[in-house]
Amino acid sequence: MNGAPVMSRNRQTGFTLIELLIAIVIVAILAAVAYPAYLEQVRSARRADAQQALLSLAAAMERYHSQNLSYAGAADKKGVPQIFADEAPLDGDAKYYDLRVTSASVDDYTIQAQPKNHQADDGVLQLEADGTRRWDRDDDGSFGTDENCWKRTC
């Protein structure tokens, strides 16, 4: 070469607009699939907290019965438990269920976890003295024959 300067092409490296748009679309699709699943997991975890609170309330009802020979009087006239917490989860500031004693007699009771706030349309959880568990999964205000457990399907 006769001393002439070598011309090099300036190549810019990076993403093209099309590549960037494709990456954004892929991320959006993944988010659209993952976010609802995440929300269901959060709702399920809150429901599990309420179920545990109901079981703990049932234990408190049994202690009350052993001392008083009756379940009556364990709650006030509005059904708010006087022997246990009235909201679930038991720890933390955010509460997603109200715990209620919906009936209490000498030898029988029914307790419920009634959803509120972000759980409001999740359906009532119920536990009876004989151990019967119900969950109003369709949130229609009653317990159908297929709602006699706390699982997704009975």
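Section: the packing of aromatic side chains
- Using the criterion set out here, one finds two aromatic pairs in the structure.
- Looking at Arg46, its charged tip hangs above the ring of Tyr96, at a distance of 3.9 Å from the centre.

Here's the deal with the sheet that holds strand E1 (residues 87–88)
- Strand order in the open sheet formed by five strands is E1-E2-E3-E4-E5, and the pairing between neighbours is antiparallel. Either end of the sheet is taken by a strand with one partner, and the two such strands are E1 and strand E5 (133–135).
- Both strand E3 (residues 109–115) and strand E4 (residues 125–128) contribute to a ladder of four bridges, which runs antiparallel. Looking across to E4, one finds that Ile111 is bridged to Leu127.
- Sheet strands in contact with helix H1 (residues 17–68) are E1, strand E2 (97–104), E3, E4 and E5, and its direction is about 155° off that of E3.

Examining a nonpolar patch on the surface
- A contiguous nonpolar surface patch, about 970 Å² in accessible area, is contributed by Phe15, Leu17, Ile18, Leu20, Leu21, Ile22, Ile24, Ile26 and Leu30.
- Along the polypeptide, Phe15 turns up in the segment before H1.
- Exposure remark for Phe15: the relative accessible area of 73% places this residue in the exposed category.

Observations regarding H1
- The terminal C-alpha atoms of H1, which comprises 52 residues, lie 75 Å apart, in line with the 76 Å expected from a rise of 1.5 Å per residue.
- Considering only its buried residues, H1 is in contact with E1, E2, E3, E4 and E5.
- At the exit of H1 stands Leu69, carrying a positive phi of roughly 60°.

Rules of the game
Residues numbered from 1 in each chain as written. Predicted model: local features only at pLDDT ≥ 70, side-chain atom pairs only at ≥ 80, totals over all residues. Heavy atoms only, no water. Phe/Tyr/Trp six-rings, centres within 6.5 Å; stacked < 30°, edge-to-face > 60°. Lys NZ or Arg CZ within 6 Å of the ring centre and 35° of its normal. Pairing = 2+ DSSP bridges. Helix = DSSP H or I, 4+ residues; strand = E, 2+ residues; numbered from the N terminus. Contact = heavy atoms within 4.5 Å. Axes fitted to C-alpha atoms, helices over the stretch in contact; angles between N-to-C directions. Patch = residues over 30% accessible without salt bridge, like charges linked within 9 Å, V, L, I, M, F, W, Y side chains within 5 Å. Areas by Shrake-Rupley, 256 points an atom, 1.4 Å probe, with all protein chains shown as cover. Salt bridge = Lys/Arg side-chain N within 4 Å of Asp/Glu carboxyl O. Buried < 20%, exposed > 50% of the residue type's maximum accessible area, 1.4 Å probe, protein only. Expected span 1.5 Å × (residues − 1).

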